[in-house]
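Chain residues, written in single-letter form:
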Amino acid sequence: MEAILLSRLQFAFTIAFHIIFPSFTIGLASYLAVLEGLWLATKREAFQRLYVFWLKIFALSFGMGVVTGVVMSYEFGTNWSVFSRFVAPVIGPMLAFEVLTAFFLESSFLGVMLWGWKRVGPGLHFTATCLVAIGTLISAVWIIAANSFMQTPAGFALGPDGRLVATSWIAAIFNPSFPERFAHMVLAAYLVTALAVGAASAFILLKNRDQAESRLALRMAIGMFAVIAPLQLLVGDYAGKHIRADQPSKLAAIEAFWDTKARQAFHIVAWPDRKIAGNRFDVSIPKLGSLITAGDANATVTGLKAFAPEDRPPVFIVFWAFRVMVGLGLAMIGLGLWGAWLIFRGGPERSRLFLRAAVLMGPAGFVAVIAGWTVAEVGRQPWVIWRVMRTAAAVSPVGAHQVSASLLGFLVVYAIVFAAGVLYILRLMAQGPAAQALAEPADRAPGSPMGFAPPEP
Amino acid sequence: MNGLDLPLIAVVVIAVAVLLYVLLDGFDLGVGILFPLARSPGDRDLMMTAIAPYWDGNETWLVLGGGGLFALFPGAYAILMPAFYLPLMGMLLALILRGVAFEFRLHGRRRGKRLWTIAFAAGSIGAAFAQGLVLGGFVQGVKVTNGAFAGGPFDWATPYSLLTALGLVAGYALLGATWLMIKTDEGLHGDARRWTGAAVVAVVALLAAVSLATLGVDPRVAARWGLTGGAIDMTHLAPRLAIPALGGVGLALIFVGLRRGSHVLPFAGALVVFLSGYLGLGTSFFPAIVPYDVGFREAANTPGALAFVLIGVVVMLPLILGYTAFVYWLFRGKVASDAGSH
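This one's a predicted model, so the numbers in the text were calculated from it and none came from an experiment.

A.B. asks: Help me understand the overall build of chain A, please; the structure alone is not making it clear to me.
C.D. replies: Per the secondary structure count, chain A includes 14 helices and eight strands. For 457 residues, the compact-globule estimate of 2.2 N^0.38 gives 23 Å, and chain A sits close to it at 23 Å. Seen along its three principal axes, the alpha-carbon backbone of chain A occupies a region of about 70 × 50 × 40 Å. The buried share among the 457 residues of chain A stands at 53%. Taking contacts inside chain A between residues at least 6 apart in sequence as the whole, the part at least 24 apart equals 74%.

A.B. asks: Hey, could you run me through the overall build of chain B in this one?
C.D. replies: When you go through chain B residue by residue, the secondary structure sums to 14 helices and six strands. Here chain B has a C-alpha radius of gyration of 21 Å; the compact-globule value for 342 residues is 20 Å, and the two agree. Dimensions along the principal axes, computed over C-alpha positions, put chain B at roughly 55 × 45 × 40 Å. Looking at chain B alone, contacts between residues at least 24 apart form 74% of all its contacts between residues at least 6 apart.

A.B. asks: Honestly, helix H3 (residues 81–115) of chain A in this entry has me stumped. Any pointers?
C.D. replies: Along an α-helix, a turn takes 3.6 residues, which lines up residues three or four apart on a common side. All names here are of chain A. Helix length check: H3 (35 residues) gives 39 Å between terminal C-alpha atoms against 51 Å at 1.5 Å per residue, more than 12% under. Approximately 90 degrees is the largest bend angle found in H3, and it occurs at Ala-88, with the proline Pro-89 only one to four residues beyond. Summarising burial for H3: 34 of the 35 residues are buried, a large majority.

A.B. asks: Looking at this structure, I do not really get the environment of Thr184(B). What am I missing?
C.D. replies: Mapped onto the elements of the fold, Thr184(B) is located in the loop between helix H7 (159–183) and helix H8 (186–217). Given 24 C-beta atoms within a 10 Å radius, Thr184(B) is considered buried.

A.B. asks: In this structure, what is going on with the packing of helix H1 (residues 6–33) of chain B against helix H6 (residues 110–140) of chain B? I would like to understand it.
C.D. replies: A pair of packed helices can be characterised by two numbers: the angle between their axes and the separation between those axes. All names here are of chain B. Between H1 and H6, the shortest axis-to-axis distance is 7 Å and the interhelical angle comes to 130 degrees. Judged by the angle between their axes, H1 and H6 are oblique. In the crossing of H1 with H6, the sense of the turn from one axis to the other is left-handed. In this structure, H1 uses Leu-29, Gly-32 and Ile-33 to contact H6, whose residues at the interface are Phe-120, Ala-121, Gly-123, Ser-124, Ile-125, Ala-127 and Ala-128. Counted by class, the contact of H1 with H6 contains seven nonpolar, three polar and no charged residues.

A.B. asks: I keep staring at the interface of chain A and chain B and nothing clicks. Help me out?
C.D. replies: Often, the extent of an interface is quoted as the loss of accessible area upon association of its parts. The partner chain B presents 66 residues to the 67 residues of chain A that form the contact. When contributions to the side of chain A that touches chain B are tallied by element, the ones reaching two or more residues are helix H2 (45–79), H3, strand S2 (164–166), helix H13 (400–439) and helix H14 (449–452) of chain A. Considering every element that reaches the side of chain A that touches chain B, the biggest residue donor is H3(A), with 21 residues.

A.B. asks: Before we go on, may I ask you to explain the confidence of the model for chain B in this structure?
C.D. replies: Of all residues in chain B, 97% have pLDDT values of 70 or greater, and the mean over the chain is 92. Long-range and interchain partners of residues 337–342 of chain B, a stretch whose pLDDT sits below 50, account for 16 contacts in this model, where long-range means more than four residues apart.

A.B. asks: Can you walk me through the pairing of strand S4 (residues 266–273) of chain A in this structure?
C.D. replies: Every regular strand shows the same layout, with side chains that alternate between the two sheet faces. Residue and element names in this part refer to chain A. Relative to strand S5 (residues 278–285), S4 runs antiparallel, the two being bridged by six bridges. The residue of S5 that forms the bridge with Asp-273 is Gly-278. Following S4, the chain reverses through four residues before pairing antiparallel with S5; Ala-277 in that reversal takes a positive phi of roughly 50 degrees.

A.B. asks: Is there a simple way to explain the confidence of the model for chain A in this structure?
C.D. replies: When pLDDT drops low, the exact placement of atoms in the prediction is not to be read closely. In this model, chain A carries an average pLDDT of 92, and 95% of its residues clear a pLDDT of 70 or more. Scored below 50 in pLDDT, residues 438–457 of chain A makes 38 contacts in the model with residues more than four places away or belonging to other chains.

A.B. asks: Whenever I open this one, the packing of H2(A) against helix H4 (residues 74–83) of chain B confuses me. Can you help?
C.D. replies: At a minimum axis separation of 7 Å, H2(A) and H4(B) run at an interaxial angle of 90 degrees. Between H2(A) and H4(B), the angle falls in the class roughly perpendicular. Residues Tyr74(A), Gly77(A) and Thr78(A) of H2(A) form the contact with H4(B), whose own contacting residues are Tyr77(B), Ala78(B), Met81(B) and Pro82(B). For the contact of H2(A) with H4(B), the residue count by class is five nonpolar, two polar and no charged.

A.B. asks: Is there a simple way to think about unusual backbone geometry in this case?
C.D. replies: A negative phi angle characterises most non-glycine residues, just as the trans form characterises most peptide bonds. Residue Pro382(A) is reached from Gln381(A) by a cis peptide bond, and omega for that bond is 5 degrees. Backbone torsion omega between Pro291(B) and Tyr292(B) reads -5 degrees, so that peptide bond is classified as cis. Locating Tyr292(B) in the fold gives a position in the loop between strand S5 (288–290) and strand S6 (294–295). With a phi angle near 50 degrees, Ala277(A) is a residue other than glycine that sits in the positive phi range. With respect to the helices and strands, Ala277(A) occurs in the loop between S4 and S5. Positioned with a positive phi, Asn146(B) is a non-glycine residue whose angle comes to about 50 degrees. Relative to the helices and strands, Asn146(B) resides in the loop between strand S1 (144–145) and strand S2 (148–149).

About the criteria used
- Residues numbered from 1 in each chain as written.
- Chains lettered and ligands numbered in written order.
- Predicted model: local features only at pLDDT ≥ 70, side-chain atom pairs only at ≥ 80, totals over all residues.
- Helix = DSSP H or I, 4+ residues; strand = E, 2+ residues; numbered from the N terminus.
- Rg over C-alpha atoms; globule rule 2.2 N^0.38 Å.
- Buried ≥ 20, exposed ≤ 12 C-beta atoms within 10 Å, placed from the backbone.
- Contact = placed C-beta atoms within 7 Å.
- Expected span 1.5 Å × (residues − 1).
- Bend = angle between axes of the 7 residues up to and from the residue.
- Axes fitted to C-alpha atoms, helices over the stretch in contact; angles between N-to-C directions.
- Parallel < 35°, antiparallel > 145°, perpendicular 65-115°, else oblique.
- Left-handed = near helix turned anticlockwise from the far one by under 90°.
- Nonpolar A, V, L, I, M, F, W, Y, C, P; charged D, E, K, R; others polar.
- pLDDT = per-residue confidence, 0-100.
- Pairing = 2+ DSSP bridges.

Structure below.
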């Protein structure tokens, strides 16, 4: 294989693996802040138990997010040095600001959150939790700004030395797709967390329907599905309307539209193939494609044939990744409505079918996030910066053997880390909040390293 | 920002970030390097507790070093990253294994805990060694054509870089051992003292070897230090002699600290030794940012980007240093005596 393909594979693998953890910890940090705030306000012990329980899972996930994130700040240079040099005058400062305004804040106060329980008062501890939560959101602002610049670049010019140069920081950072993509990502993170919390709570309730903390947490999670999932659909639809204007070839790939025409059909399933510049088969609903993408069943929507073959993104991946994301999103809305109805009818824990469904949907948020990012990034191809720089022109002068070696290293190490991390998180989830809190020895502070440790064998 | 020498300010910022990274992550990597020497699982838990609240913040300086180089000197970032592709990837993988070990060790049962204990030690040693290889490859010079890396994948693999790698591992072990002297008492403190003694001997030997070898890596380095063609030019050498003298002061602090039974002085001495080594290497190639052909000015980002980032640095850095200091102050004191209370 060529170095460029290997570098793309490596970047896709390392970033997809990395995004799992920030998606979870952005939501979880906010959830922890809410739990600790409610605990301080109401003094209800259930909130404290939930906080301690989810803090442990947060610590595990955050650690994995940090170490896989360090990789990203070097990989731009190791594998995409031509891109880095070219785009650094615009994106460089955004990444530097992410470190300066978010990473130090998160990493410093995470220490207070985890190990500072008895060294600071409850007010200061709550402040630390809030600062970590705010840090995760600030981090999302900068990274979405940088990525959105690559999707819808603005506020720049081509400099005399062949690099980009920023002409307006406001325009470059708050570029056209930034607002809706930021909202989409944060809502996605909240859904990821809500689904994980819901699944862990439902799992406990399947064994013991009266477990108080899990009943509380399941209701909080259902509230999130019921409100956030429909909101996410609206934000996604709004973003899609902009993609039609800003990145028409991406939209055409998402819907597998080949011909530019009015009254496009909506393809529920299809097998799009770039070789024949068409769909090998599809199951479609007439006119609905134009209605969904343009808000008007009679609207003309651009198809992929309007672009030269070398300017078309890989259609199959984008089409199906989008359907996975939206399909799961609709399932989340369904779960939210079902759960809300059950709460109204006297308690979701009484329906074992619902509890099983909630467990089954636990990983759905993660899958949807990876699918969504696949749509965004693969749909942008063949450009690394939309209509400014091609991916093929961005790669470092490193040989295929070196990239093969590092890719193999990432596959092996990430497999080990993922297996162990998932094992430890699932083990905690299976024990549940009550078991955790009661097993805590009185002389060990919750959140302390020794508080986590099993007794020495 | 008119009238300010932005590239010069930026190079100071990068230099300070890298120095702070080396000093801070140095001590927690060092504790990992010393992990195999611990007498008991209990001692290893204490060693972990002595760095657990800090390691994440410390490693963030590495992200600032990488991200900062990207933002401030993309010309250097785009050359150095491909040039040191393999050792950098090795460093990142090693840092992943040791980074997750902080949490995973607490959740693993018997076999899992042993696995992550090994991963923490091996990852710390591996990351330090890989950083030393990058350092050696960097000081020896990078082949550049038209602003891009033009060398081979193993240009960094030389006896000199092996020497710097060993030197850095020993140096981090010294920082780790002296840090443990501050944070522990009783049995583990005695061990840390002995480790400090052994590490300081290794550091003196390797630092001397690296210093002499550095004079040989490029004639321009020897000329910097006033050593050309067998003659000694005191106008170049004399001012630079302050740097090895500073190293001597650091070593003296360590020795005096050990003799007097001080818990804090050896760590302070180790910091001074590192500072001297850092300045010694820096003065050998500055103002090059990619030795020896690319100066920091030609590698700098556009004036607009530099100004924007530096405004952020001026606003944020005091805050960052402030709450970093707060965290160190909050977790002050011995870990042995109050392991149960935090």
